[in-house]
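Survey of secondary and tertiary structure
The chain contents come next:
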Amino acid sequence: MPISPWPPSNFKVWNSELNDPGAIRQQLDALQNTEKHADEQTAMLTELLLKNGLGALGVHAVSKPRTLACGVTVHRVLREDDRYLWLCFEPYVDAVRDEILNANPAQVIMLNSCFTGTQGDEQLSNLQLELAAQDISLLVI
């Protein structure tokens, strides 16, 4: 087997060769948290930037992580079009939405695991609708 020149991903990968419904259901449950190690934010940030075509030539600056007034940390990346990309890897709270809407970044990337609890799906749906209304792209990994 050839050795990959790329380091392993920080995110779990879907196994498309599964045929058994039980195994597929188990994999769906396991992928509710797509990240392998949630404490590796810098590595996840780097990988997501590269996967979204924002390597060294597509990014003007990456700022230090910023803790918002609501206590959630975001990573802000200034893109080549002078608009920001925000990345958040922490549990979602409604105050994050308000901060995003006020800052008006071009795009926001969040982990699926940010939306937890009994209202997680509802929070995600509402956030998608509100950001889309402001022409802010949301990518959930």
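Quick summary incoming for the structure in this document.

**Quick word on the pattern of salt bridges**
Oppositely charged side chains are able to pair whenever their charged atoms sit close together. One pass over the full model with this rule turns up 3 salt bridges. Of the charged contacts in the structure, one is a salt bridge between R97 and E130, with a shortest N-O distance of 3.4 Å. Taken as a pair, R97 in helix α3 (residues 94-103) and E130 in helix α4 (residues 120-133) lie far apart in primary sequence, 33 residues in all. One salt-bridge network, held together by shared partners, links D94, R97, D98 and E130.

**Some details on the pairing of strand β4 (residues 84-88)**
In terms of burial, β4 is largely enclosed, as 4 of its 5 residues are buried. Examined bridge by bridge, strand β3 (residues 73-79) and β4 share 5 bridges and lie antiparallel to one another. Residue pairing for β4: H75 is matched across the bridge by L87. Bridging between β4 and strand β5 (residues 107-110) involves 4 bridges; their strand directions are parallel. Note that in β5 the partner of W86 across the bridge is V108.

**Re the pairing of β3**
Counting buried positions over the 7 residues of β3 gives 6, a clear majority of the element. Relative to β3, strand β2 (residues 66-67) runs antiparallel, the two sharing 2 bridges. Looking at the pairing, R66 lines up with V74 of β3. Between the antiparallel neighbours β2 and β3 lie 5 residues, among them G71 with a positive phi of about 95 degrees. Taking the residues between adjacent antiparallel strands as the criterion, β3 and β4 are bridged by 4 residues, where D82 takes a positive phi near 65 degrees.

**Here we look at α3**
Among all positions of α3, only V96, R97, E99 and I100 are buried. Projection of α3 onto a plane perpendicular to its axis shows the buried side chains occupying an angular sector of 165 degrees, all on one side. On its buried face, α3 is in contact with β2, β4, β5 and α4.

Rules and cut-offs
Residues numbered from 1 in each chain as written. Predicted model: local features only at pLDDT ≥ 70, side-chain atom pairs only at ≥ 80, totals over all residues. Heavy atoms only, no water. Salt bridge = Lys/Arg side-chain N within 4 Å of Asp/Glu carboxyl O. Helix = DSSP H or I, 4+ residues; strand = E, 2+ residues; numbered from the N terminus. Buried < 20%, exposed > 50% of the residue type's maximum accessible area, 1.4 Å probe, protein only. Pairing = 2+ DSSP bridges. Arc of directions from axis to C-beta. Contact = heavy atoms within 4.5 Å.

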